[in-house]
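A look at the structure
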Amino acid sequence: MNKKTIYLAGSTFWGGEGFLDRLPGVIDTELGLTDVDAGTVVETFFLAYPDSEYLGTSECIKVDYDADVIPLPTLLEAFFLTVDPFSTAKQIDYTEGMPQAKVYFVDPADVAVVEKEIAALQQGFDRAVTIECVPLQGFTPAGTYAQDYIDRNLGETMMIDPGLADAFVESHAGEFGNA
């Protein structure tokens, strides 16, 4: 096993986790916030409100994956299906659309891969893709209520069709290695 970790922000929180959990090679996902003071326990997420103490953070999905099964470029291509690649929204407010997507890295070797995948995505559009690649400054896990929400609430999709992950896996079958 070649376990790696990447942090992905910008898709719907619970729907993004449910989507990523369906991909071969994803070992574990954990929901949380970036850039929150260490030791903070975050039980709820109400980032759409201007008085929130968590403004300036990102709802984020920590993804542990086996790079021998799902290479980072394939994982990012799948993730990009769940985000608005043009959003510049700085706070979570789904009434204004999806928040800006960000890929937070902990391994500096991932930067070139992430930037290459963002550039490849850009090739398909005339307007600027706004997905950012940034170093992770901190991650605070969400409370237990937020974790694995889709698994506990079958039938809810949280704006991401669960069939999207299955279709991606089927259309990219040759890119997945053996577990």
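Refer to the preceding data block for the structure.
This write-up is about the structure you can find in this document. Small disclaimer: the values here were computed from a predicted structure and weren't measured.

Conventions we followed
Residues numbered from 1 in each chain as written. Predicted model: local features only at pLDDT ≥ 70, side-chain atom pairs only at ≥ 80, totals over all residues. Heavy atoms only, no water. Pairing = 2+ DSSP bridges. Helix = DSSP H or I, 4+ residues; strand = E, 2+ residues; numbered from the N terminus. Axes fitted to C-alpha atoms, helices over the stretch in contact; angles between N-to-C directions. Buried < 20%, exposed > 50% of the residue type's maximum accessible area, 1.4 Å probe, protein only. Salt bridge = Lys/Arg side-chain N within 4 Å of Asp/Glu carboxyl O. Phe/Tyr/Trp six-rings, centres within 6.5 Å; stacked < 30°, edge-to-face > 60°.

So, on to the sheet that holds strand S6 (residues 139–141). Strand order in this open sheet of 6 strands is S5-S4-S1-S3-S2-S6, and the pairing throughout is mixed. The sheet is open, and its two edges are formed by strand S5 (132–135) and S6, each paired on a single side. Averaged over neighbouring strand pairs, the angle between their axes works out to 35 degrees when direction is ignored. Two strands pair when backbone bridges link them, and strand S2 (residues 26–34) and S6 are joined in this way by 3 bridges, in the antiparallel orientation.

For an α-helix, 3.6 residues make a turn, and residues three or four places apart therefore share a direction. Along helix H2 (residues 72–80), 7 of the 9 residues are buried, which leaves the element largely enclosed by surrounding structure. Residues Leu 72, Thr 74, Leu 75, Leu 76, Ala 78, Phe 79 and Phe 80 constitute the buried set of H2.

Let us look at the pattern of salt bridges. Throughout the structure, instances matching the rule amount to 3 salt bridges. With a closest N to O distance of 4.0 Å, Asp 107 and Lys 4 form a salt bridge. Placement of Asp 107 in the loop between strand S4 (102–105) and helix H3 (110–122) and of Lys 4 in strand S1 (residues 3–9) is noted, with a sequence separation of 103 residues between them. Under the relative-accessibility criterion, Lys 4 is labelled partly exposed at 28%.

Turning our eyes to something else, we now look at the packing of aromatic side chains. Tallied over the full model, the rule gives 3 aromatic pairs. Measuring from centroid to centroid gives 6.1 Å for Phe 79 and Phe 80, while their planes differ by 50 degrees, and the two rings are tilted. Neither Phe 79 nor Phe 80 differs from the other in exposure class; each is buried. Note on Phe 86 and Phe 125: the rings are 4.9 Å apart at their centroids and 90 degrees apart in plane angle, and the pair reads as edge-to-face. Separated by 39 residues along the polypeptide, Phe 86 in the loop between H2 and S4 and Phe 125 in the loop between H3 and S5 bring together distant segments of the chain. By relative accessible area, Phe 86 is classed as buried at 17%. Classification of Phe 125 as partly exposed rests on a relative accessible area of 33%.

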